[in-house]
Amino acid sequence: MKIAILTSGIMPVPAVQGGAVENLIDFYLAYNEQHRLHDITVYSVWHPDTTKRNELKSTVNHYAYIKVTGLLAKLKKKFYQLTHKNEYYHYTIEYFLNEALQQIRHQQYDLLIIENRPGYALKVPQYTKAPIVLHLHNDFLNDTVPHAKAIYQAADRIVSVSDYITNRVKTLDSNSRKCVTVYNGIDLSLFSPTTAKHIDRSQLSLRPDDFVIIYSGRINREKGIFELIQAIKRLDNPRVKLLVIGSSFYGNATHDDPFIQELKQEASPLKERITFTGFIPYPDMPRYLALADIAVIPSQWEEPFGLTCLEAMAMKLPVITTRKGGIPEIACNDNAILLDTGKDFIPHLADAIQSLYQQPERRKSMSEASLRQAQRFSNIEYARKFFEAIVIIKE
C-alpha cells in the first residue's frame, strides 16, 4: 500500500528530540524498512538534526518536512491564526496540518494514518479519499470529547495502545469492532540488563550499599512524583535514595518550571538522599536504570500505556506502581506491587518501599518476573501487529 502518516505537528520524525509517539513511529518505520511492506511517506515538522539520520536514505520510507520555526514560518503561522478561527487544535498544530494536507491532496494514497491527533480526521476527508486510521496513544477520543462522533465516523480503523484506551473509545459505540488494541513495544536490545553499560554509583554520589529507587519520566504533578518524595520523607533510613530522572517536557534539559522548583523545595530537607538528574537522552536511560534496585511509577492519572514501567521491567527491576489506566495490562502481581491512589496512597507507597527494602529474596523473584513479562512487549512484535491491524480497515 501507499501510506501517508500525519504526525503530531510538534516533534520531528525521526525522533531526534525524543518523544514517545515519535519513537514508536520510528519502530514501525524500521520494521517496514526491513520487510519492505509498504511505500510510506511521513509528514513531520522539520528539525536540522533530521538531515543527519540514515533513515532518510530509505527507498520505502519517505519524509516530507514542514518548517514551523524561523521568521518566515512564524509569519505564516501568524497569518494562519488571523485567518482561521475556532480551529480544533492550537493554531501552530493546525498550520502544520494545513501545510501537510496541501501536499497530500496532490497524491493518491491507499491509507492515511493519523498519529495521536484524532481531530485531524475532521479535515482530512476534504483533501483525500484515502481510508483513515487513527493511532491513539492517549485518551483523546471518548464520549466527552468535542466532535467525538464526527471523528469516530470519519475513521475507518482506530488502533489504540491499550485496552483502557480501546474501552474509552467504545463509550461512543460499545458494540463496535472498529477499535483494536496494539500494545506499544520497546527496543529490548537497548533495554537489556545483559548489554546495558552500568554507571558507577559514585558518579551520582551513591554508595554501593545504598538502596536506590528510580523514577523516570516527565516531571509533572499527574505522574505522582510529589507523592513519591513525600513517601521517601516518611522513611527514616539514610540508605534509601531516590534518583529522579526527567524534565517537564521531552528534551528540556535545563529549564525548571514552577512544579520542578516546588519539588526541589519539598525534597530539600533530604538533599543527600534525593538526586534530580534533569533530562537524560533516551539511549542513555538503560545505564541509569541498571544502577537502581527498584523502580517506582506512582502515576496519579490514567496512564494510557506506561512505557517507563515497561522500560524498568525490561531492565529487570521490581516495580511499585498504581492501578491507573493501562498500567495493569503491563505489570502483573509477580513483578509489581500495584497500589490504589487516594488519601492513603502516600503511607501505602512508603510501606511498599520499606517492604521491598527488607525482602531481598522477594526483589530477586520480582526481578526475574519483570524480565519475563517485558519480553512480551518488543518493538518488533509491536510493529508486526500494528501493520496487521491497519490492513483491515473496514468492519
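Basis of the calculations
- Residues numbered from 1 in each chain as written.
- Predicted model: local features only at pLDDT ≥ 70, side-chain atom pairs only at ≥ 80, totals over all residues.
- Heavy atoms only, no water.
- Helix = DSSP H or I, 4+ residues; strand = E, 2+ residues; numbered from the N terminus.
- Rg over C-alpha atoms; globule rule 2.2 N^0.38 Å.
- Contact = heavy atoms within 4.5 Å.
- Areas by Shrake-Rupley, 256 points an atom, 1.4 Å probe, with all protein chains shown as cover.
- Expected span 1.5 Å × (residues − 1).
- Buried < 20%, exposed > 50% of the residue type's maximum accessible area, 1.4 Å probe, protein only.
- Arc of directions from axis to C-beta.
- Phe/Tyr/Trp six-rings, centres within 6.5 Å; stacked < 30°, edge-to-face > 60°.
- Lys NZ or Arg CZ within 6 Å of the ring centre and 35° of its normal.
- Core = buried A, V, L, I, M, F, W, Y, C linked by side-chain atoms within 4.5 Å.
- Pairing = 2+ DSSP bridges.
- Axes fitted to C-alpha atoms, helices over the stretch in contact; angles between N-to-C directions.
- Salt bridge = Lys/Arg side-chain N within 4 Å of Asp/Glu carboxyl O.

*Asks:* Describe the overall build of the chain, naming the residues involved and giving the relevant values.
*Replies:* What the chain contains, in helices and strands, is 12 helices and 13 strands. At 22 Å, the chain has a C-alpha radius of gyration in line with the 21 Å of a compact globule built from 395 residues. For the chain, contacts bridging at least 24 residues in sequence account for 69% of all contacts bridging at least 6. With an accessible surface of roughly 17,800 Å², the chain has 50% of that area assigned to carbon and sulfur atoms.

*Asks:* An account of helix H12 (residues 379–391) is requested, with residue identities and associated values reported.
*Replies:* Under the 1.5 Å per step criterion, the end-to-end length of H12 is 19 Å for 13 residues, consistent within 8% with the ideal 18 Å. Burial in H12 covers these residues: Asn379, Tyr382, Ala383, Phe386, Phe387, Ala389 and Ile390. Down the axis of H12, the sector holding all buried residues measures 160°, keeping them to one side.

*Asks:* Residues and numbers for the packing of aromatic side chains, please.
*Replies:* Across all of its chains, the model carries 15 aromatic pairs by this definition. Ring centres 5.7 Å apart and planes at 80° place the aromatic pair Tyr28 and Phe387 in the edge-to-face group. You can see Tyr28 sitting in helix H1 (residues 20–35) and its partner Phe387 sitting in helix H12, a full 359 residues away along the chain. An aromatic cluster is defined as three or more aromatic residues linked by ring pairs; in this entry it consists of Tyr28, Tyr31, Tyr382, Phe386 and Phe387. A cation over a ring is seen here: Lys2 above Tyr109, with NZ or CZ 5.3 Å from the ring centre. Geometry around Tyr89 places Arg117 over its ring, the cationic atom sitting 5.3 Å from the centre.

*Asks:* A description of the nonpolar core should follow, citing residues and the corresponding values.
*Replies:* Among the nonpolar cores identified, the biggest contains 100 residues, and Leu6 and Tyr28 are the most heavily contacted of them. Apart from the residues within four sequence positions on either side, Tyr28 is in contact with Ile5, Ile113, Glu115, His135, Tyr382, Ala383, Phe386 and Phe387. Phe211, Phe226, Val244 and Leu263 belong to the second-largest nonpolar core, a separate cluster that totals 32 residues.

*Asks:* How would you summarise the environment of Ile245 if you had to cite specific residues and measurements?
*Replies:* For Ile245, the position within the fold is in strand E9 (residues 240–245). The exposure class assigned to Ile245 is buried, which follows from its relative accessible area of 2%.

*Asks:* Residues and numbers for unusual backbone geometry, please.
*Replies:* Following Val13, the chain continues into Pro14 via a peptide bond in cis, with omega recorded as 0°. At Asn116, a position not held by glycine, the phi torsion is positive, near 65°. Owing to a relative accessible area of 8%, Asn116 belongs among the buried residues under this scheme.

*Asks:* Can you tell me about the sheet that holds strand E1 (residues 2–6), naming the residues and giving the values?
*Replies:* Pairing between the strands of a sheet comes from backbone hydrogen bonds, and it takes one of two forms, parallel or antiparallel. Within the open sheet, the seven strands sit side by side as E3-E2-E1-E4-E5-E6-E7. Their pairing is parallel. The sheet is open, and its two edges are formed by strand E3 (61–66) and strand E7 (179–181), each paired on a single side. Going from strand to strand, the sheet's axes swing by 20° on average, the running direction of each strand aside. Where strand E5 (residues 132–136) lies against strand E6 (residues 157–160), four bridges are found, and the strand directions are parallel. Residue pairing in the sheet places His135 in a bridge with Val159 of E6. The strands touched by helix H3 (residues 91–104) within the sheet are E1, strand E2 (39–45), E3 and strand E4 (111–115), with E2 carrying the most contacts at an inclination of about 150°.

*Asks:* Which residues make up the pattern of salt bridges, and what values go with them?
*Replies:* Scanning the entire structure with this criterion turns up 18 salt bridges. Between Arg384 and Glu388 there is a salt bridge, with the nearest N and O atoms lying 2.7 Å from each other. On the criterion of helical spacing, the pair formed by Arg384 and Glu388 is a turn pair, its members being four residues apart in helix H12.

*Asks:* Quick one: what's the story with the sheet that holds strand E12 (residues 319–322), residue by residue and with numbers?
*Replies:* Pairing within the open sheet is parallel, and its six strands lie in the order E10-E9-E8-E11-E12-E13. Strand pairing shows two members of the sheet lacking a second neighbour, strand E10 (274–278) and strand E13 (336–339), which therefore form its edges. Across the sheet, the mean angle from the axis of one strand to that of its neighbour is 20°, orientation sign disregarded. Here helix H6 (residues 225–234) sits on the sheet in contact with strand E8 (211–216), E9, E10 and strand E11 (294–297), set at roughly 165° to E9.

*Asks:* Break down H6 for me, citing the residues and quoting the values.
*Replies:* Most of H6 sits inside the fold, with seven of its 10 residues counted as buried. Here H6 has its buried residues at Ile225, Phe226, Glu227, Leu228, Ile229, Ala231 and Ile232. Contacts from the buried residues of H6 go to E8, E9, helix H7 (258–267), E10, E11 and helix H10 (345–358).

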